[in-house]
Amino acid sequence: MNPAATARRLKSPGEIRRYSTIYHDRLRSARGTRAVLSGLENLVLTGSPYPSGRNIANDEVIVLKDNFLTTDLPTTCASHILEGFRGSATSMVGRLLQDAGIHIVAKTNMDEFGMGSYSTNSARGPVKHGFDSLEQSVGGSSGGSALVVAGGLARFAIGSDTGGSVRLPAAYTGILGFKPSYGRISRNGLIPYANSLDTVGIMSTSVKDAISIYRILNKHDPADPTSLDLNSRARIEHAKLSRSRVPDHAASDQVSVRVIGLRDKKESARLSLEAGMRWKAYGRQYFTKRSWRIGVPDEYNIQEMHPWIRIAWLKTLSVLQDMGNDIVHISLPTTQSALSAYYVLAPAEASSNLAKYDGVRYGIPRDAELADNHEGVLYAHHRGQHFGDEVKRRILLGTFSLSAGAMDNYFIQAQKVRRLVQQDFNNVFTVPHPLLEASTGNPEGVDFIVVPTAPTLPPLLSELKHQSPLDSYVNDIFTVPASLAGLPAISVPVVADDDLPPTSDKNIGMQIIGQFGEDMPLLNFVRDTVEAIDPPRPRETDSRIWTARRF
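Residues numbered from 1 in each chain as written. Predicted model: local features only at pLDDT ≥ 70, side-chain atom pairs only at ≥ 80, totals over all residues. Heavy atoms only, no water.

1. Here's the deal with the overall build of the protein
Each helix and strand in the protein was counted, giving 18 helices and 15 strands. Across the 551 residues that make up the protein, the buried fraction comes to 59%. Long-range pairs, those at least 24 residues apart, make up 74% of the contacts in the protein with a sequence separation of at least 6. Surface accessibility of the protein: about 22,100 Å² in total, with carbon and sulfur atoms responsible for 52%. (Helix = DSSP H or I, 4+ residues; strand = E, 2+ residues; numbered from the N terminus. Buried < 20%, exposed > 50% of the residue type's maximum accessible area, 1.4 Å probe, protein only. Contact = heavy atoms within 4.5 Å. Areas by Shrake-Rupley, 256 points an atom, 1.4 Å probe, with all protein chains shown as cover.)

Here it is as structure tokens:
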């Protein structure tokens with residue numbers, strides 16, 4: 001990527017509001033780069049982008065979405081109500097990255113509290129991607145992090161994914177966005193939107209970079225009750241060794257102790273290490289040479305899908321089939337109800353999580369002139385003034401679904417749909433769910449599922465002004481099911497037609513979904529597939545990893 005061309009693009013009409021906070025000294029110290037900052041609207045970083053083939057070293061930098069706590073940078077969740085707030089401790093993700101020698105240089109813009117699909121619901125203003133004098137959406141809610149990576153200003157960025165907030169921006173900006181299995185990466189220090197859905201996500205332009213960051217962050221955190229403990233991680237590793245298709249010489253050397261129900265942490269850790277060593281010895285050699293069974297769910301072939309996305313989907317499946325993989329039609333019938341269930345469950349959890357923002361304990365102080373009268377409550381005016389429209393909309397929706405009259409008809413029913421979605425996935429995967437004893441896997445099932453990340457191309461911001469909230473919710477239809485089931489999923493950039501110019505409105509993402517706990521097999525599959533493809537026309541400035549030779 002040419003630095004001068006990057007700078008020209010970032011200064012084009014449609015200035016980018018992507019950094020919420022930034023430290024000049026840190027950027028200057030990062031390999032001699034220089035930053036020019038003009039308010040919060042225009043940031044141009046000059047200098048050579050980091051080469052994607054390098055290993056992570058002490059001079060690397062990273063940006064965090066503005067909902068991860070940091071002690072030396074404000075954390076506002078792109079909301080007025082948290083203006084100027086600084087956490088008392090850095091998030092576990094931030095600490096692990098710093099311990100690895102990676103510098104956190106900025107916090108990126110986002111949809112307020114992660115609520116949105118286009119990164120337009122921000123107190124800082126929308127995240128914009130200018131091309132040909134047109135302002136386009138970069139997707140949401142981690143749009144700022146995605147655009148920093150797409151613009152070559154950082155090799156990788158951290159976002160949060162609740163219903164597709166990492167994968168959708170990755171698809172719209174032509175980069176890679178990875179959502180691990182739920183509980184793999186600690187949420188300690190991530191300001192919650194929906195606790196049972198929030199997952200730390202990784203954005204990069206290289207599969208190898210994503211793997212490197214994932215290995216740093218994939219740690220058990222006792223301070224996070226949703227973090228997978230050592231016993232669960234040992235069971236996941238043991239399940240990998242128990243695959244029905246593992247060669248005999250590997251199966252004969254499996255761990256003989258039954259891991260399920262193990263209580264001894266030291267024994268669990270020993271088995272996890274043992275399984276990991278055997279997996280390294282056998283799994284890598286085996287899985288780089290086998291053919292995969294790729295699932296194509298009929299329910300994802302919706303009428304509203306853009307024709308270019310359908311073409312890209314078919315071409316991707318054709319490439320995978322030409323590489324020796326089997327393409328299998330599958331059915332995920334509850335997918336049609338997944339989006340409705342998500343927009344009951346997520347707002348319900350959000351209404352509870354956001355109840356603490358009252359202007360009394362922390363955040364922007366209450367205005368005494370706007371204090372409620374004796375008939376009101378302490379903080380109604382404060383919340384109404386400082387929360388954005390979308391946040392208030394979801395708080396009301398969530399509060400209603402948790403009310404006594406609606407709980408059984410909405411919230412409980414949505415939880416049942418969520419379990420059915422998880423069962424649908426378990427019924428089609430060859431590998432059983434490692435943490436569910438009732439899950440046995442399907443011998444005739446599939447290893448991975450390949451579907452589009454979004455049914456639409458990146459829209460113009462001018463078009464979004466005429467959209468209803470319901471229209472924006474529908475854009476999450478392909479990403480929500482994996483979130484409800486807690487499965488690992490990764491969005492990979494593809495092209496519909498090699499003859500199309502590499503402009504941002506042609507960005508298309510293809511989503512690959514794996515069984516719970518199959519994070520590394522999923523990443524290895526994407527990496528090996530990318531390395532095996534010999535692109536006919538590599539483009540120096542094209543970041544689509546299925547066609548660019550540099551990946």
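2. Here we look at the packing of helix H11 (residues 335-353) against helix H13 (residues 389-401)
Contact geometry of H11 with H13 gives a least axis separation of 7 Å together with a crossing angle of 100 degrees. With respect to each other, H11 and H13 are oriented roughly perpendicular. Facing H11, whose interface residues are Tyr343, Val344, Pro347, Ala348 and Ser351, H13 presents Arg394, Ile395, Leu397, Gly398, Thr399 and Ser401. Classifying every residue of the contact of H11 with H13 by side-chain character gives six nonpolar, four polar and one charged. (Axes fitted to C-alpha atoms, helices over the stretch in contact; angles between N-to-C directions. Parallel < 35°, antiparallel > 145°, perpendicular 65-115°, else oblique. Nonpolar A, V, L, I, M, F, W, Y, C, P; charged D, E, K, R; others polar.)

3. Brief notes about the packing of aromatic side chains
Considering all chains together, one arrives at 12 aromatic pairs under this definition. Between the aromatic rings of tyrosine 343 and tyrosine 473, the centroid separation amounts to 4.2 Å while the plane-to-plane angle is 20 degrees, which identifies the pairing as stacked. In this pair, tyrosine 343 sits in helix H11 while tyrosine 473 sits in helix H16 (residues 469-474), placing the two residues 130 residues apart along the sequence. Residue classification places tyrosine 473 among the buried residues on the basis of a relative accessible area of 11%. Put simply, the rings of Phe113, Tyr357 and Phe387 pair up and form one aromatic cluster. (Phe/Tyr/Trp six-rings, centres within 6.5 Å; stacked < 30°, edge-to-face > 60°.)

4. Notes on the packing of H11 against helix H14 (residues 407-428)
Helix packing for two helices is described by the angle between their axes and how far apart those axes are. As a packed pair, H11 and H14 sit with axes 8 Å apart at the nearest point and diverge in direction by 130 degrees. With respect to each other, H11 and H14 are oriented oblique. Considering how the two elements wind past one another, H11 and H14 form a crossing that is left-handed. Contact residues: H11 offers Thr335, Ser337, Ala338, Ala341, Val344, Leu345 and Ala348, while H14 offers Tyr410, Phe411, Ala414, Gln415, Val417, Arg418, Val421 and Asp424. Among the residues forming the contact of H11 with H14, the class breakdown is 10 nonpolar, three polar and two charged. (Left-handed = near helix turned anticlockwise from the far one by under 90°.)

5. Let's talk about unusual backbone geometry
The residue after glycine 140, namely serine 141, is reached through a cis peptide bond having omega 10 degrees. If you trace the backbone, serine 141 turns up in the loop between strand E7 (134-136) and helix H4 (143-150). With a phi angle near 55 degrees, alanine 78 is a residue other than glycine that sits in the positive phi range. Within the secondary structure, alanine 78 is located in the loop between strand E4 (61-65) and helix H3 (92-99). Given a relative accessible area of 1%, alanine 78 falls into the buried group. In this structure, serine 119 takes a positive phi of about 55 degrees despite not being glycine. By the element assignment, serine 119 lies in the loop between strand E5 (103-108) and strand E6 (129-131).

6. Quick look at the pattern of salt bridges
For the coordinates displayed, the defined rule picks out 12 salt bridges. Residues lysine 128 and glutamate 135 are paired through a salt bridge, measuring 3.7 Å at the closest nitrogen-oxygen approach. Look at glutamate 135 and you get partly exposed, because its relative accessible area is 30%. A salt bridge links aspartate 528 to arginine 527, with the nearest nitrogen and oxygen atoms 3.6 Å apart. (Salt bridge = Lys/Arg side-chain N within 4 Å of Asp/Glu carboxyl O.)

7. Overview of the pairing of strand E8 (residues 156-161)
Taken across its six residues, E8 has six buried, putting it largely inside the fold. What you see with E8 is no split at all: Phe156, Ile158 and Ser160 on one side and Ala157, Gly159 and Asp161 on the other are buried throughout. Two strands pair when backbone bridges link them, and E8 and strand E10 (residues 199-204) are joined in this way by six bridges, in the antiparallel orientation. Note on E10: the bridge partner recorded for aspartate 161 is threonine 199. (Pairing = 2+ DSSP bridges.)

8. Some points on helix H6 (residues 207-217)
Across the 11 residues of H6, eight count as buried, placing the element largely inside the fold. Turning to H6, its buried residues number three or more, namely Val207, Asp209, Ala210, Ile211, Ile213, Tyr214, Ile216 and Leu217. For H6, the N-terminal capping position is held by serine 206, with its side-chain oxygen 3.2 Å away from the main-chain nitrogen of lysine 208. (Polar contact = N/O pair within 3.5 Å; in protein donor to acceptor, adjacent residues only side chain to side chain.)

9. A look at the side chain of threonine 75
Mapped onto the fold, threonine 75 is located in the loop between E4 and H3. A polar contact of 3.3 Å, which involves the side chain of threonine 75, links it to the backbone oxygen of phenylalanine 68. Ignoring sequence-local partners within four residues, the contact set of threonine 75 consists of Asp66, Asn67, Phe68, Leu69, Thr70, Leu82, Phe85, Lys107 and Ile191.

10. Quick look at H3
Three or more residues of H3 are buried, namely Met92, Val93, Gly94, Leu96 and Leu97. Where H3 is buried, its residues touch E4, E5, E8, E10 and H6. Glycine 101 sits one or two positions beyond H3 and adopts a positive phi of about 85 degrees.

11. Description of the environment of alanine 496
As for its placement among the helices and strands, alanine 496 is situated in the loop between strand E14 (489-494) and strand E15 (508-513). On the basis of relative accessibility, which here comes to 6%, the residue alanine 496 falls in the buried class. Look past the residues within four positions of alanine 496 in its chain and what remains in contact with it is Trp308, Ile311, Ala312, Lys315 and Ile508.

12. Here we look at the pairing of strand E11 (residues 293-297)
Walk down a regular strand and you will see the side chains alternate between the two sheet faces. Burial runs high along E11: five of the five residues are buried. Residues Arg293, Gly295 and Pro297 of E11 are buried on one face, and the alternating residues Ile294 and Val296, pointing to the opposite face, are buried as well. Handedness of the crossover joining E11 and strand E12 (residues 326-330) through helix H10 (residues 307-322) is recorded here as right-handed. Alignment of E11 against strand E13 (residues 448-452), held across two bridges, turns out to be parallel. If you follow isoleucine 294 over to E13, its bridge partner there is phenylalanine 448. (Right-handed = clockwise from strand over helix to strand, strands pointing away.)

13. So, empty space enclosed by the protein
Overall, the coordinates contain 10 cavities of 30 Å³ or more when judged by the stated rule. A volume near 80 Å³ is recorded for the second largest cavity. If you trace the second largest cavity, you find 13 residues lining it, with Gly116, Ser165, Tyr342, Tyr343 and Asp476 closest to the centre. (1 Å grid on protein atoms, 1.4 Å probe; cavity = no way out; pocket = protein on both sides within 12 Å on 5 of 7 lines; lining within 4 Å. Points joined across faces, edges and corners; volume = space filled by probe spheres on them.)

14. So, the confidence of the model for the protein
Of the residues in the protein, 72% have a pLDDT of 70 or more, and the chain-wide mean is 78. Per-residue pLDDT stays below 50 along residues 23-58; that stretch engages in 82 contacts with residues further than four places along the chain or on separate chains. Across residues 534-551 the pLDDT falls below 50, and counting only partners more than four positions away or on other chains, this stretch makes 52 contacts in the model. (pLDDT = per-residue confidence, 0-100.)

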